[in-house]
Amino acid sequence: MSLMASSALSAAFSHSHRMATTQPSASIAGRRVTAVSCELKDEDNHVIDRRNVLLGLGGLYGAAATLGSQKKKAIGAPVHAPELSKCHLAEDSVTGEKVFCCLPYNERDIVEFVPPPPYEPIRVRRPAHKLDLEYVAKFEEAVARMKALPPNDPWNFMQQATIHCAYCNGAYDQVGFYPPVSLQVHGSWLFLPFHRLYLYFYERILGKLIGDPNFALPYWNWDSPEGMRMPEIYLNPSSPLYNPMRDKGHYAALFDYKYAVGDPNPEPSRDEHIVTHNLHHLHRMFKESERNPKLFMGKPVVAGEEVPSNASGNLENLHNIVHSWTGTSEAPYYDMGDFFTAARDIIFFGHHANVDRLWEIYNGFRGHIPEFKQEDWLEASFIFYDENRQVVRCKVKDCLTPQQLRYSYHPENLPWLHARQHYFRLKDKKPIAGEPAPVPVPAAPIYEFGPEPKPLVEPIQVIVPRPKISRTKFEKEAATEVLIIEGIEVPFGAAARFDVYVAKFVDGHIGPDIGELAGSFVKIPHSKHKFHLLHHKSSLELGITSLLEDIEADPLDKVVVTILPRIGEVKIRGIHIELVKVDPEY
Ligand code: C2O
């Protein structure tokens, strides 16, 4: 990180009070279908594009695609927009049903995206809990009109929601690979750019529908205490912003970032603790990843790479919790709780506007430098249907800043920026009188997982050596200390969550304090994607440089890592700590 960007971020963390951020027929889209009609299918009934087969056998991509093998080599090229005419049935991962999520404009000419001209007014996105009545009325009118469009219209509400399914539940394959590789925009560095562009067009279509070139989506400000409940505008059953497919038990509840599906609502007496924990979580997420965009944004994925969900960043993990908290509470977790249906709830767009806003804030902290400079990111592309009824191909490089796209976020307080001290004050409060004090237990030896992954059925506590102790400030700026949970296996498409805590290792004892929450692994159901693998393997990478400072563990050569299972069938292969070099340009 350049000195300038680095000091801007540190300054923001140390003394900012207020942070400004500039910051079939198509009509059955989304319905379950049972019959598959196609010419060539693989063993799991997926349509195979003949041209891909030929290419795989010796064409352009022959070197990359190993026919008949489970391993496909990534060819080191950006993930490209799909070939729209090669759509096949997608899959609802929870029920396993085949669903139709093809986009209705596959015959249209595609043009390259042209950014809006710089003289266009900036659309200002505001927090959903602070809108005036007039704004709400406009928003409702726009959504009502979108819902009233003919079902085949690409601007139709359900058609717009189907875009999400198409890019996530396996309706399209990447161009040029056999066996097929699904297109997937979650679980990697594609996550933030895809959703930014998706919202960009959605917002402009809504604006068109009410003839308002200034119309901006509201955002669900769940990173501030007043925004940690479902915004009221979405809760009025007679409003077009309402959706019955939500967890109604959460309508009045405070959103706890530690939520896992099925958890009871917190007692109101715990509100202060939860708010403090949530803010501290955000603080930590930003602070630990300030020098390492992969931790925040997700890891690289290139064309042809198998199931890219091994690479979610921590913002995506946090965003998943909001999905599962909002969606219905029992499987199948419609709507927000399942990627197949998530965008059928208009609150999705408020949620994602906030995710996008947090990206913009992160980008600002880093001096507005693109997070990755690889072509594989900048040139990755997606296709959308725009506000002029044109099919456009957009690239990641088109959406690096909201400024480029003529929108911004209304500046709000960032209460998490200085959330650290309050958190530690609260944490140090004496235990409640009369409760027996927990005692530390003698430490087990350093855990070796052996060749078999370990099922996470009860908390796992291990002692993990650190590569280097007492690093200097300079060393910390050059490399971040990263805790890596490797070889995480969860059944394809299934929901899962576990939490990772880090504590000091002292005097040969561990506990009773499990220490500080370093982060969580969170999956919500999405496509089962793919043909032969039973599980997908992921890893979770968590920055712990400042966490170790917080718990004064910097001089110690080992830490205690506790993994708390929450939901899902999870296995892990190992845990270790690495020093990850920072890109010297930043
Ligand atoms: Cu595409 Cu919040 O997910």
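Residues numbered from 1 in each chain as written. Predicted model: local features only at pLDDT ≥ 70, side-chain atom pairs only at ≥ 80, totals over all residues. Heavy atoms only, no water.

**Section: the overall build of the protein**
- Helix and strand content of the protein: 13 helices and 18 strands.
- Taking all 586 residues of the protein together, the buried fraction comes to 59%.
- Here the protein has roughly 23300 Å² of accessible surface; of this, 56% comes from carbon and sulfur atoms. (Helix = DSSP H or I, 4+ residues; strand = E, 2+ residues; numbered from the N terminus. Buried < 20%, exposed > 50% of the residue type's maximum accessible area, 1.4 Å probe, protein only. Areas by Shrake-Rupley, 256 points an atom, 1.4 Å probe, with all protein chains shown as cover.)

**Section: the packing of aromatic side chains**
- By the definition in use, this model includes 36 aromatic pairs.
- With a centroid separation of 6.3 Å and 70 degrees between ring planes, the pair formed by Y167 and F382 is classed as edge-to-face. On the criterion of sequence distance, the pair formed by Y167 in the loop between α4 (157–166) and α5 (191–209) and F382 in strand β5 (residues 381–385) is long-range, its members being 215 residues apart.
- For Y167, a relative accessible area of 1% translates into the label buried.
- For the pair Y219 and Y409, a centre-to-centre distance of 5.5 Å together with 80 degrees between the ring planes defines the contact as edge-to-face. On the criterion of sequence distance, the pair formed by Y219 in the loop between α5 and α6 (271–289) and Y409 in strand β7 (residues 407–409) is long-range, its members being 190 residues apart.
- Residue classification places Y219 among the buried residues on the basis of a relative accessible area of 0%.
- In textbook terms, an aromatic cluster arises when at least three aromatic residues are bridged by ring pairs, as seen for F113, Y167, F194, Y198, Y200, F201, Y202, F348, F349, F382 and F384.
- Between R125 and the ring centre of Y407, over which it is positioned, the NZ or CZ distance is 3.7 Å.
- Over the ring of F340 we find R344; its NZ or CZ atom is 5.0 Å from the centre of that ring. (Phe/Tyr/Trp six-rings, centres within 6.5 Å; stacked < 30°, edge-to-face > 60°. Lys NZ or Arg CZ within 6 Å of the ring centre and 35° of its normal.)

**As for the pairing of strand β6 (residues 391–395)**
- Sheet analysis places strand β3 (residues 110–112) next to β6, joined by three bridges and oriented parallel. Bridging across to β6, V111 finds its partner in V392.
- For β5 and β6, the ladder comprises five bridges, and the chain directions are antiparallel. Of the residues in β6, the one forming a bridge with Y385 is V391.
- Following β5, the chain reverses through five residues before pairing antiparallel with β6; R389 in that reversal takes a positive phi of roughly 60 degrees. (Pairing = 2+ DSSP bridges.)

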